[in-house]
Structures are given as structure tokens and as C-alpha cells.
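# Close look at the chain arrangement
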Amino acid sequence: MLIAIVVGILPLMFRTQNRIFWWFDLISGICFILDYILRWSTADYRLKKNNWQAFVIYPFTPMAIIDLLSILPMFNLLAPTFKVVRFSRLLKILRIFKVIRYFEPLEIVVAVIRRQSKILCTVLSLALFYIFITALIMFNAEEDINPETGKYLF
């Protein structure tokens with residue numbers, strides 16, 4: 001999954017879309033869909049509830065919402081008519097948040113931050129999210145070409 005996350009975000013670093021990026025998106029998107037389905041099918045185990053309520057509750061958990069939002073850009077890949085704006089590309093950024101579940105040290109740090117200071121965790125996550133989203137918005141919005149040099153202004 002870590003490789004799928006990196007491969008899925010890699011095309012965001014380039015302005016032009018190559019055919020290989022389409023395959024990167026497709027393969028990583030399929031991995032994310034399978035991951036989401038498997039996590040949903042084991043929701044009763046993960047949420048420690050042995051009844052149908054776990055399967056209803058799971059899609060509304062924060063990580064499940066992040067997983068679902070990170071899958072949505074794949075539909076642009078399959079049918080370009082779904083592409084409303086380039087903003088859908090930015091939903092791929094949410095895949096970075098999936099890394100937290102795969103590194104135990106990060107889970108420990110997050111648990112400590114949650115226990116010690118809710119405000120610190122909120123400020124830190126908002127600051128990181130703001131910096132990354134702003135950088136990607138600037139990168140994707142600045143498409144003007146300098147008429148003198150023929151290069152991108154950004």
C-alpha cells in the first residue's frame with residue numbers, strides 16, 4: 001500500500017500527463033479500492049463489534065472517509081466526463097494520510113499527541129494540511145507561460 005500511495009501521488013509532480021501516469025493511477029486506484037473493500041468487510045473485527053452495526057458505522061469513520069475520497073479521482077481516469085475541475089486531482093493528496101496506518105512509530109506519536117494535547121494536534125495537522133494543499137493549488141493553478149521565455153511562470 002505504501003508503494004501504491006507513492007505511485008498514486010507521483011503524477012501530481014508533473015504538469016504533463018504521460019500514458020505511464022495513467023497506468024500508475026489505474027493500478028494504485030485498484031489497490032485503494034481493494035483496500036477499502038477489504039477494510040469494510042472486516043469492519044466488525046476492526047471496530048470490535050460482532051454485529052451488522054459495524055458495517056454501517058465503518059464508512060463514517062475518519063480514515064474510511066479519507067480512503068473513499070482518495071478513491072474518487074480514479075473515476076476521472078475511467079470516464080473523463082466525470083472531470084468537473086482539476087480539483088479532483090487534489091483529492092489524491094489525501095492518500096498521504098493513509099501512510100499513518102502503516103507505520104507503528106507514527107501511530108505511537110499520534111496516540112501521544114491525542115492524549116497530551118488536542119489543541120496541539122489540531123494546530124499541527126491544520127498547518128501541515130494548509131502548507132501542502134496551498135503548494136499543490138499554486139502548482140496546478142499557475143499554468144500561464146511566460147511569453148518571453150516560453151517557460152511556466154511557477
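This one's a predicted model, so the numbers in the text were calculated from it and none came from an experiment.

Here we come to the nonpolar core. Of all hydrophobic cores here, the largest spans twelve residues; its members are Ala4, Ile5, Ile9, Leu12, Phe32, Tyr36, Ala43, Ala54, Tyr58, Ala64, Ile71 and Leu136. At the level of secondary structure, the elements contributing two or more residues to this core comprise helix H1 (2-9), helix H2 (19-41) and helix H5 (62-71). It is H1 that provides the largest number of residues to this core, a total of three residues.

Before going further, it helps to examine a nonpolar patch on the surface. The grouping of Leu2, Phe103 and Leu106 at the surface amounts to a nonpolar patch, some 220 Å² of accessible area in total. In this fold, Leu2 is placed in helix H1. Among the residues examined, Leu2 registers a relative accessible area of 31% and is labelled partly exposed.

Attention now moves to the packing of H1 against H2. Where H1 meets H2, the closest approach of the two axes is 8 Å, and the angle between their N-to-C directions is 140°. Taken together, the axes of H1 and H2 lie oblique to each other. Handedness of the H1/H2 crossing: left-handed. Mapping the contact onto sequence places Ala4, Ile5, Val7 and Gly8 in H1 and Phe24, Asp25, Ser28, Cys31 and Phe32 in H2.

Turning our attention to the confidence of the model for the chain. Taken over all residues, the pLDDT of the chain has a mean of 76, while the share at 70 or more is 79%. When mean pLDDT is compared element by element in the chain, H2 scores highest at 84, while helix H7 (residues 87-90) scores lowest at 59.

Procedures and definitions
- Residues numbered from 1 in each chain as written.
- Predicted model: local features only at pLDDT ≥ 70, side-chain atom pairs only at ≥ 80, totals over all residues.
- Heavy atoms only, no water.
- Core = buried A, V, L, I, M, F, W, Y, C linked by side-chain atoms within 4.5 Å.
- Buried < 20%, exposed > 50% of the residue type's maximum accessible area, 1.4 Å probe, protein only.
- Helix = DSSP H or I, 4+ residues; strand = E, 2+ residues; numbered from the N terminus.
- Patch = residues over 30% accessible without salt bridge, like charges linked within 9 Å, V, L, I, M, F, W, Y side chains within 5 Å.
- Areas by Shrake-Rupley, 256 points an atom, 1.4 Å probe, with all protein chains shown as cover.
- Salt bridge = Lys/Arg side-chain N within 4 Å of Asp/Glu carboxyl O.
- Axes fitted to C-alpha atoms, helices over the stretch in contact; angles between N-to-C directions.
- Parallel < 35°, antiparallel > 145°, perpendicular 65-115°, else oblique.
- Left-handed = near helix turned anticlockwise from the far one by under 90°.
- Contact = heavy atoms within 4.5 Å.
- pLDDT = per-residue confidence, 0-100.

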